[in-house]
Amino acid sequence: MDTKFISLVTFVFAAFISWFADAKSQSSERSIAFYYSKVHSTQYLLSFERVVVDANSLSADQLNQLKRAGVEVYVYLSVGEISGTLPSALEDALLGENPAWQASIMNAENDMWRQHLTQQAQQLMASGYHGLFLDTLDSYQLALAPPAYSSQESALISLLEELQHIAPKLLFNRGFQLLDRIDFVPTAVVAESYRNGYDVANNRYYQQSEADIGWLRNQLIKAQSNGSEAIVIDYAPQNQDERIALAQQILKDGFTPYISDGLLSEYGVSIHYPIPRTVIGFYDGQLRSKQLSSCHRHLSSLIEYQGYVPKCLDIHEQALDSIDLSMVQAIVYWLPPQSISLPFVANFIDATFEDISTVFIGELPRQTQLLNRLGLSSQGRYVGQLQQAGKSLLYPAPSAGKQGAYRYQASDESITVMSQLIDANGQQGIASFKAPWGGGILSPTAIQEVAGQASRWLHDPFDVLMPLLGLAEIPVADVTTESGRRVVTIHIDGDGFPSRSWMKGKPFAGETILEQVLKRYSLPHTVSIIEAEISKDGLYPQQSAALEAIAKEIFSLENVEIASHTFSHPFFWDTESSVKEKRYGDHLPVPGYVLDYDREISGSVNYINQRLAPPGKQVKVFLWTGEANPTEAIINKTKALGLYNVNGGNTYVVYDNPSLSQVYPHLNWHPSGVQVYAPVMNENLYTNLWGENFEGYVRSIETFNILGSPRRMKPVAIYYHMYSGEYPSSLSALKQVYTWAEQQPFTPLYLSEFASRAQSLYETGIAKSIVDDYWYVASTGVRSLRVANLGSLSAESNGIAGIASGPDGQYLTLASNRARFSLQAQRQPHAFKRPLLVFANGIVEKWQHKSEHTQVQILAHQPLRLTFSAHQNCTIAALTGPSFTISQQEGFVSIQSPASRVFSFNIECDDGVEHGGFQ
């Protein structure tokens, strides 16, 4: 063997050992994914620092999401082949065929083909990609004999140099024979099938020979010696442990790994890998919409709380066997008997329940053979009133109903019966059970409907249901908390603005809210109006001048953010939904008006911006009306205007019915548009639609307490209408709620600020390292993570501004949109030497460590309150703003100011002696 080569290998290997020892700090800059399927959501691509995608698989919005989260996005460009039908204009450029991929091999010397490629490259780069991944650089070798290679290679070299001027960052797929002859160094050289390959023609995975591995290793080492990164794409079936082991081996060989399926249609493993976080819940769309399904209404909020992403799917929407299950952690079937027993549903259950955690709520499939495989047997139906065996239910067992719910028993010893029922004839049946593959909560002990359109879980869902899903404990993207404190928002729907109050002088309700609430309470508010209620083109033209003057004064207040509540208050936003009884009609009865959603959205926004908004202030939020059930297309109308959209959901719990079955998820997610739900419902429910108890909204404090502890499931959201200003009792209730909120340790946000976090909740990447125990988190909006109480932050963590204790764990404040962290099992007060935020009642806009100082910028909507840990000698420098006080106690420093504004300062610490203290 050549001694020069041995020396080169020895040098490279030694360099790699040194690099690998520092992998904890280096690897976060090197992970990469190659993904060519249609991107439904960016949540998994966000887990990587770099991604390579097909231009047709990613929307412009998704590209921007990735870029906002600091992901470097490359786009695929085939240099040597073209798939599909060959355009007639390029027929003269044809060299041959690649039958394995049904592609045409193209001539790099042909001017039309070269022009085609350079135009493509220019268009792709203009779309916002960071660089190009150039594939099929060696395809000419499939069509030509070796003597003809030279002219093709010369043409390729000049073509690559042209492309490098268009896209300075280029990734090559192989092309080793060209590297010594081009006049630039590609960013990276990629090689497929280094250790494991994929035979597309036979759909077969295989292992490479040692000789082939050695040859390719030498080529990659040579590319590294020229200054390029060496990346390996290897292929393995859907087994995460095997993929991780293969990635670790490739990393040990000295190359950046990416391991996925043979068609790169799954999210694979690089130096770190995304945690599967999707939980599918099936419903029958022929019986009800997604928003009315049990999956969405009752299950999604529980899944969100665990840090996972609910995906409610209609069993009729697509072929079940075409669903990508690679990132699915669990499947829940919440279907009526006639739906779950459909043959194609039963077949899907049969094919998947042994591989993916499977949970049944309500009903089981009726097929005897499938039931036997599940370890269960049907025993007929219950009769009459039921009783629970033991005390497993939260409430008394219900009746079996007129037809009698189906009764089941375990037929396999692997089934653990957790609770049972006994019917009027003494027959026993399973109420809840655990199985090696999951388990179930069976009818009629899942959700019980009670008076007043309320419902309740008969089992504690966190004690009984959630363990059946088998969801691993992971960092939880959180929108309830900001800077270590629970969030509070306030928003007002414009309804009733022109109503007369039962106050002295009978002022308009809008004026009462202005004088009695908005001017008295400095908390940030998001306030809306309904155009038809106050404009001269609406219902009350004679009063329009006075009403507009009040609206202008409201919108000019410093603590008010402007929102629109439409033109005519439509009650239905989904034109495909059939509503038999329209209690209120379609919208307010504006003379001669025909419902037009563009008029409702852009028209009302333009009216407010042009007529009511003060200079420099515009509408930021659109508040849905009525049923608040916009379609994806309607949501996109607000998105096109750059507005956040909020309202909908029906979260309402009080002490006499605290069931979590009435807690809606944070949002209604669509691939191209997200509806953010109001965190908690408005005063209409607390007053029984104003049929009684006009001071009932004071009970919202009960709701806030229930949803704050022992689990913080929602922020505090004060939400009401202008007509709450009509009555002394309802106004008194508002003031009690405000007074309570002002006394709590909250961080107030405008509704737009909350919505910006909530709408990105599902687009949060949670990944794990293959090198160590570090987590990687990336987000386009979320600012907070909840983790279990595992101790202190490790010393090498970065991207974290603070850590605070909450009722259900610790809340990490993110300092940037990408973070890397690990938690020590035991508390070690001095492990993380840099200053850490404990809490602030404002938004952390910057918390950046540089050498021995930390740059801080905080936006406070209320008089500033901030505390951080200082476990070394620290000094605060360059604190801007009006008067403030600084105090210290036992290693903590607090800053207070009577002002609300942006505060900037530096924390300068001595990394020497760790004795605690502040100067």
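Computed from a prediction, not measured in an experiment: that's the story for all the values here. (Residues numbered from 1 in each chain as written. Predicted model: local features only at pLDDT ≥ 70, side-chain atom pairs only at ≥ 80, totals over all residues. Heavy atoms only, no water.)

All right, on to the overall build of the chain then. If you tally the helices and strands in the chain, you get 22 helices and 51 strands. In terms of C-alpha radius of gyration, the chain reaches 31 Å, essentially the compact-globule figure of 29 Å for 919 residues. Dimensions along the principal axes, computed over C-alpha positions, put the chain at roughly 100 × 75 × 70 Å. When the 919 residues of the chain are sorted by exposure, 59% land in the buried category. Contacts spanning at least 24 positions in sequence make up 69% of the contacts within the chain whose residues lie at least 6 apart. On the chain, the mean spot of the 66 positive side-chain charges and the mean spot of the 90 negative ones are 7 Å from each other. (Helix = DSSP H or I, 4+ residues; strand = E, 2+ residues; numbered from the N terminus. Rg over C-alpha atoms; globule rule 2.2 N^0.38 Å. Buried < 20%, exposed > 50% of the residue type's maximum accessible area, 1.4 Å probe, protein only. Contact = heavy atoms within 4.5 Å. Lys, Arg positive; Asp, Glu negative; His and termini not counted. Charge placed at Lys NZ, Arg CZ, Asp CG, Glu CD.)

Bringing the sheet that holds strand β20 (residues 387-389) into the picture now. In spatial order, the strands read β16-β15-β17-β18-β24-β23-β22-β20; together these eight strands make up an open sheet with mixed pairing. Two strands bound the open sheet, and with one partner strand each, they are β16 (309-314) and β20. Adjacent strand axes in the sheet meet at a mean angle of 20°, parallel and antiparallel pairs treated alike. Where β20 meets strand β22 (residues 416-422), three bridges bridge the pair, whose relative direction is antiparallel. Note on β22: the bridge partner recorded for Gln-387 is Ile-422. Contacts from helix α9 (residues 294-305) reach β15 (278-283), β16 and β17 (328-333) within the one sheet, and its direction differs from that of β16 by about 155°. Packing against the sheet, helix α13 (residues 461-469) makes contact with β17, β18 (357-362), β22, β23 (428-435) and β24 (438-442), and its axis sits at approximately 145° to β18. (Pairing = 2+ DSSP bridges. Axes fitted to C-alpha atoms, helices over the stretch in contact; angles between N-to-C directions.)

As a further point, take the sheet that holds strand β12 (residues 229-235). With parallel pairing, eight strands are arranged side by side in an open sheet as β1-β2-β3-β7-β8-β9-β12-β13. Each of the sheet's edge strands pairs with one partner strand only, and the pair in question is β1 (32-35) and β13 (256-260). Each strand axis lies, on average, 25° off the axis of its neighbour in the sheet, ignoring direction. Here strand β9 (residues 188-192) pairs with β12 via five bridges, running parallel. Of the residues in β12, the one forming a bridge with Ala-191 is Val-232. Across the sheet, helix α4 (residues 111-126) lies against β3 (72-78) and β7 (131-135), angled at about 160° from β3, the strand it touches most.

On average, residues of the chain carry a pLDDT of 92, and 93% of them reach 70 or more. The model gives residues 912-919 a pLDDT under 50, and that stretch makes 23 contacts with residues more than four places away or in other chains. (pLDDT = per-residue confidence, 0-100.)

This part is about α13. Judged by how many residues are buried, α13 sits mostly within the fold: seven of nine residues are covered. Along α13, the residues that are buried comprise Pro-461, Phe-462, Val-464, Leu-465, Met-466, Leu-468 and Leu-469. Structurally, the start of α13 carries an N-cap: the backbone nitrogen of Phe-462 is 2.9 Å from a side-chain oxygen of Asp-460. Directly after α13, the chain includes Gly-470, whose backbone phi takes a positive value near 65°. (Polar contact = N/O pair within 3.5 Å; in protein donor to acceptor, adjacent residues only side chain to side chain.)

A few words on the packing of aromatic side chains. Per the stated rule, a full pass over the model turns up 37 aromatic pairs. Look at Tyr-686 and Tyr-697: their rings are 5.5 Å apart centre to centre, the planes differ by 85°, and that puts the pair in the edge-to-face class. With Tyr-686 in helix α19 (residues 683-686) and Tyr-697 in the loop between α19 and α20 (700-706), this pair connects stretches of sequence that are eleven residues apart. Tyr-686 gets classed as buried once you look at its relative accessible area, which sits at 4%. You can call Tyr-697 buried: its relative accessible area is 3%. Among the aromatic residues, those joined into a ring-pair cluster are Phe-282, Tyr-333, Phe-348, Phe-353, Phe-360, Phe-433 and Trp-437. Above the ring of Phe-508, the side-chain terminus of Arg-500 is found at 3.9 Å from the ring centroid. In this structure, Arg-711 is placed above the aromatic ring of Phe-462, and the distance from its NZ or CZ to the ring centre is 3.9 Å. (Phe/Tyr/Trp six-rings, centres within 6.5 Å; stacked < 30°, edge-to-face > 60°. Lys NZ or Arg CZ within 6 Å of the ring centre and 35° of its normal.)

The biggest cluster of nonpolar side chains holds 188 residues, and the ones touching the most others in it are Phe-34, Leu-132, Leu-134, Ile-554, Phe-555 and Ile-718. Excluding anything up to four places from it in sequence, Ile-718 contacts Val-488, Thr-489, Ile-490, His-491, Tyr-697, Phe-704, Val-737, Tyr-738 and Ala-741. Residues Val-345, Leu-370, Leu-376 and Tyr-408 belong to the second largest nonpolar core, which totals 32 residues. (Core = buried A, V, L, I, M, F, W, Y, C linked by side-chain atoms within 4.5 Å.)

Tracing the sequence through the fold places Asn-218 in helix α7 (residues 210-225). Given a relative accessible area of 30%, Asn-218 falls into the partly exposed group. For the pair Asn-218 and Ala-191, spaced 27 residues apart in sequence, the C-alpha to C-alpha distance is 12 Å.

Enumeration according to the criterion identifies 23 salt bridges in this entry. Glu-49 serves as the salt-bridge partner of Arg-818, at 3.5 Å between the closest nitrogen and oxygen. Linking Arg-818 in strand β43 (residues 818-821) with Glu-49 in the loop between β1 and β2 (50-53), this pair joins segments that are 769 residues apart in sequence. Accessibility expressed as a relative area gives 18% for Arg-818, which makes it buried. A relative accessible area of 12% places Glu-49 in the buried class. Residue Glu-354 is joined to Arg-373 by a salt bridge in which the shortest nitrogen-to-oxygen separation is 2.9 Å. One end of the pair, Glu-354, is in the loop between α11 (343-352) and β18; the other, Arg-373, is in helix α12 (residues 368-374), and 19 residues separate them in sequence. Overall, Glu-354 belongs to the exposed group, its relative accessible area being 58%. Residue Arg-373 is classed as partly exposed on the basis of its relative accessible area, which comes to 37%. What you see here is one network of salt bridges that share partners, running through Arg-30, Arg-50 and Glu-229. (Salt bridge = Lys/Arg side-chain N within 4 Å of Asp/Glu carboxyl O.)

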